[in-house]
Amino acid sequence: MFTGIVTDIGTIEAAGTQGDLRVKVSTAYDSATIDLGASIACSGVCLTVVDKSAPGAPGWVAFDVSGETVSRTASAMWTQGRRLNLERALRLGDELGGHIVTGHVDGIGTVKLVEEIGGSHHIVIAASKDMAPYIAPKGSITVDGVSLTVNAVDDTPDGVEFHLNIIPHTAEVTTFNTIAAGQAVNLEIDVLARYLQRMESLRGKA
């Protein structure tokens with residue numbers, strides 16, 4: 001379980017096949033505090049730590065990424081040099097600064113527009129029709145592991161486009177400082193929206 005509050009930006013140092021895809025990600029996290037088997041969200045994808053650097057060495061963690069995960073996440077995400085938003089799993093007593101995030105990608109969005117307005121960045125992301133019922137103005141959504149508030153929603157013939165405002169601090173501490181039109185991003189809908197949609201679909205069937 002996560003909150004969508006990014007605490008480090010990692011970079012994929014190496015990616016190679018060892019059965020599944022194995023990626024080695026540099027991080028500022030102290031490896032001595034990370035257990036093998038721990039969960040870390042990587043740009044919105046919950047992965048299990050399978051190896052790590054020795055204490056005192058330049059920090060890195062390694063993950064095995066299944067073919068299923070690769071097929072359901074943003075294109076070119078698992079390549080050497082790719083920067084990832086990192087978040088360690090929520091612990092009891094931690095502040096819930098964002099919203100409840102599971103680290104399971106529901107769909108892939110495409111950045112349609114990035115423009116600077118008053119120092120912040122206005123971003124428009126397009127998503128498919130099956131995502132449309134779960135995206136609402138002032139609702140929460142996770143984009144590449146970052147908890148964000150939807151400012152506005154436009155229904156389109158192909159699906160939905162939603163608007164976000166990225167303040168300078170958020171851009172500085174996430175990969176959003178280099179986000180560009182045409183980029184694919186991982187989307188996770190608000191878990192509450194998922195349950196509400198399910199209840200609505202069953203209304204009247206009982």
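This text goes with the structure placed above it.
Every value quoted in this text rests on a predicted model; they were computed, and no experiment measured them. (Residues numbered from 1 in each chain as written. Predicted model: local features only at pLDDT ≥ 70, side-chain atom pairs only at ≥ 80, totals over all residues. Heavy atoms only, no water.)

1. Some thoughts on the sheet that holds strand β8 (residues 120–128)
Going by this rule: Strands were regarded as paired on the criterion that DSSP finds at least two bridges between them. Starting at the N terminus, helices and strands are each numbered in turn, a helix being any DSSP run of H or I of at least four residues and a strand any DSSP run of E of at least two. Fitted lines through C-alpha atoms serve as axes, helices being fitted only where they are in contact, and the angles separating the N-to-C directions of these axes extend from 0 to 180 degrees.
With antiparallel pairing, the 7 strands of this open sheet are ordered in space as β10-β9-β13-β7-β8-β12-β11. One side of each edge strand has no neighbouring strand; the edge strands of this open sheet are β10 (146–149) and β11 (152–156). Ignoring strand direction, the axes of neighbouring strands in this sheet form an average angle of 35°. Taken together, the 3 bridges between strand β9 (residues 140–143) and strand β13 (residues 184–189) define a ladder with antiparallel strand orientation. Of the residues in β13, the one forming a bridge with Val 143 is Leu 187.

2. Describing the pairing of strand β2 (residues 20–26)
Bridge count for strand β1 (residues 8–18) against β2 is 7 bridges, and the pairing is antiparallel. Its bridge partner being in β2, Ala 14 is matched across the sheet by Lys 24. Pairing between β2 and strand β5 (residues 60–65): 6 bridges, direction antiparallel. Across the sheet, residue Arg 22 finds its bridge partner in β5, namely Asp 64.

3. Some remarks on the nonpolar core
Rule in force here: Remark: nonpolar core denotes a set of buried residues (Ala, Val, Leu, Ile, Met, Phe, Trp, Tyr, Cys) joined through side-chain atoms within 4.5 Å. Classification of residues uses two cut-offs on accessible area relative to the type maximum, computed with a 1.4 Å probe and protein chains only: under 20% is buried, over 50% is exposed, and between them is partly exposed.
Counting 23 residues, the largest nonpolar core has Ile 125, Ile 135, Val 143, Phe 162 and Leu 164 as its most contacted members. Looking at this core, the elements that each hand over two or more residues are β8, β9, β10, β12 (159–166) and β13. No other element matches β12, which puts 4 residues into this core. Counting residues in each nonpolar core, the second largest holds 20 residues, with Leu 21, Val 23, Ile 34 and Ile 40 among its members.

These figures come from the coordinates and say nothing about function on their own.
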